[in-house]
Amino acid sequence: MDLESVVDELYELRPQDFTAARDERAAAARTAGERDLAARISKLRRPTLSAWASNLLVRRQPEQVQPLIGLGDGLRQAHQNLDGEQLRELSRKQHALVGALAREARRLAEGAGQPIGDQAQREIESTLHAVLADPGAAKEWAAGHLAKPLSAPVGFTEAVQTTVAPRKKPAPAPPGDSHERTASTESSPAEEQHRELDAARKDAESAEKAAQVLEREHEQAKAERERAEAGLREAEERVSALSRELKEAQAGQRTARDRAREARDGARTADREARAARRRAGSAAVRAERLAADTS
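A brief look at the structure comes next. Note that the structure is predicted; figures quoted are calculated from it, not measured. (Residues numbered from 1 in each chain as written. Predicted model: local features only at pLDDT ≥ 70, side-chain atom pairs only at ≥ 80, totals over all residues. Heavy atoms only, no water.)

As for the overall build of the protein chain
Part 1 of the argument: Across its full length, the protein chain carries 11 helices and 0 strands.
Part 2 of the argument: When the helices and strands of the protein chain are read in sequence order from the N terminus, they spell out α-α-α-α-α-α-α-α-α-α-α.
Part 3 of the argument: Each of the 296 residues in the protein chain was classed as buried or not, and the buried ones make up 30%.
Part 4 of the argument: Long-range contacts, defined as pairs at least 24 residues apart, comprise 75% of the intrachain contacts of the protein chain with a sequence gap of at least 6.
Part 5 of the argument: Entry remark: accessible area of the protein chain is about 18600 Å², with carbon and sulfur atoms responsible for 51%. (Helix = DSSP H or I, 4+ residues; strand = E, 2+ residues; numbered from the N terminus. Buried < 20%, exposed > 50% of the residue type's maximum accessible area, 1.4 Å probe, protein only. Contact = heavy atoms within 4.5 Å. Areas by Shrake-Rupley, 256 points an atom, 1.4 Å probe, with all protein chains shown as cover.)

Next up, the structure:
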């Protein structure tokens, strides 16, 4: 037993199952004589519902981790350099991806038997914004061991939405040797800025594609849920109809049973009366024969 494997196991469990499993692992470590490991396991904190759902997203959709981290890298690099139009474009992609990932986390939680509410979904979105803003938060989230939601630095989400005035064009370079100007251009901050911008755009495009994939998966899951709910309603209506039919059949059975009992009772009474009548008839016949003999 090692701490990393225990942590991986525990933080995939639903929050209500966490504490008992943690205490069990800690007890096993103490029994094995690993007191330091037992103490470290005991200190692990039960995740909140939103933190668990965020962990679930990382574990079940690992291919979505890098697009979000890449978009965060692009946003941070471009934050101070892009003009308003470019910053708004990245901001739009940011919100599209964050919204899609938060909805996917909620869907995964429901699929794992633990529905979450709107508040928990907002906390998931806050965690994803923190991932975009802070490389440390991104690393923590990507490990899938969150115990509580993360928060973006104050002002980050608003800052990426701010309209930045276009930069002024640099003044024309003075005449000079063309070779010198070319060398200067190749190593200028403007070239570096353009490279950063290209990288940010690529990350944003990757994030946009990931968001579109998640949106499609969300729509498919929604359609499947609607079909399942329609099937459930149909089955419930059928069960209700069969229950009514069963009650009616049981009532008919009771009536038929009563009638059969009455008929059996009537048949036994008639049989007794018939036997008595036969006995009376026999006795009468005997008396008639005797009288006939006496008169002769």
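Having seen the model, we can carry on.
Structural notes on the pattern of salt bridges
Part 1 of the argument: The final tally for this structure, using the stated rule, is 10 salt bridges.
Part 2 of the argument: Among the salt bridges present, the one from Glu9 reaches Arg25, with a minimum N-O distance of 2.4 Å. Remark: Arg25 occurs in helix H2 (residues 15-31) and Glu9 occurs in helix H1 (residues 3-10); sequence separation between them is 16 residues.
Part 3 of the argument: Taking relative accessible area as the criterion, Glu9 reaches 31% and is therefore assigned partly exposed.
Part 4 of the argument: One network of salt bridges, with partners in common, ties together Glu9, Glu24 and Arg25. (Salt bridge = Lys/Arg side-chain N within 4 Å of Asp/Glu carboxyl O.)

What about the nonpolar core?
Part 1 of the argument: Grouped together as the largest cluster of nonpolar side chains are 31 residues, with contacts concentrated most on Leu68, Ile124, Leu128 and Trp141.
Part 2 of the argument: For this core, the secondary structure elements donating two or more residues are helix H4 (49-60), helix H5 (65-78), helix H6 (84-111), helix H7 (118-133) and helix H8 (135-143).
Part 3 of the argument: When residues of this core are assigned to their parent elements, the largest contribution, 8 residues, is made by H6.
Part 4 of the argument: The residues contacting Trp141, other than those within four sequence positions of it, are Ser54, Leu57, Val58, Val65, Leu68, Ile69, Thr127, Leu128, Val131, Leu146 and Leu150.
Part 5 of the argument: Counting 12 residues, the second largest nonpolar core, distinct from the first, contains Tyr11, Leu37, Ile41 and Leu44. (Core = buried A, V, L, I, M, F, W, Y, C linked by side-chain atoms within 4.5 Å.)

Focus on the side chain of Ser50
Part 1 of the argument: Here Ser50 lies in helix H4.
Part 2 of the argument: Residues contacting Ser50, with those up to four places away along its chain left out, are Ala120, Glu123, Ile124 and Pro149.

Examining the packing of H7 against H8
Part 1 of the argument: H8 packs onto H7 with a crossing angle of 125 degrees between their chain directions and a minimal axis gap of 5 Å. In terms of their interaxial angle, H7 and H8 are classed as oblique. The chirality of how H7 crosses H8 is left-handed. For the pair formed by H7 and H8, the contact residues are Thr127, Leu128, Ala130, Val131 and Ala133 on the first element and Pro135, Ala137, Ala138 and Trp141 on the second. (Axes fitted to C-alpha atoms, helices over the stretch in contact; angles between N-to-C directions. Parallel < 35°, antiparallel > 145°, perpendicular 65-115°, else oblique. Left-handed = near helix turned anticlockwise from the far one by under 90°.)

With respect to the packing of aromatic side chains
Part 1 of the argument: Scanning all chains against the criterion turns up 1 aromatic pair.
Part 2 of the argument: Summarising the aromatic geometry, the rings of Tyr11 and Phe18 are spaced 5.1 Å apart at their centres and angled 55 degrees between planes, so their arrangement reads as tilted. (Phe/Tyr/Trp six-rings, centres within 6.5 Å; stacked < 30°, edge-to-face > 60°.)

Some words on H8
Part 1 of the argument: By the burial criterion, the buried members of H8 are Ala137, Ala138 and Trp141. Seen from one end, H8 has its buried residues packed into an arc of 100 degrees, which puts them on one side.
Part 2 of the argument: For H8, the capping residue at the N-terminal end is Asp134, with a side-chain oxygen 3.0 Å from the backbone nitrogen of Gly136.
Part 3 of the argument: Backbone geometry just downstream of H8 places Gly144 in the positive-phi region, at approximately 75 degrees. (Arc of directions from axis to C-beta. Polar contact = N/O pair within 3.5 Å; in protein donor to acceptor, adjacent residues only side chain to side chain.)

Worth remembering: the numbers are spatial, not functional.
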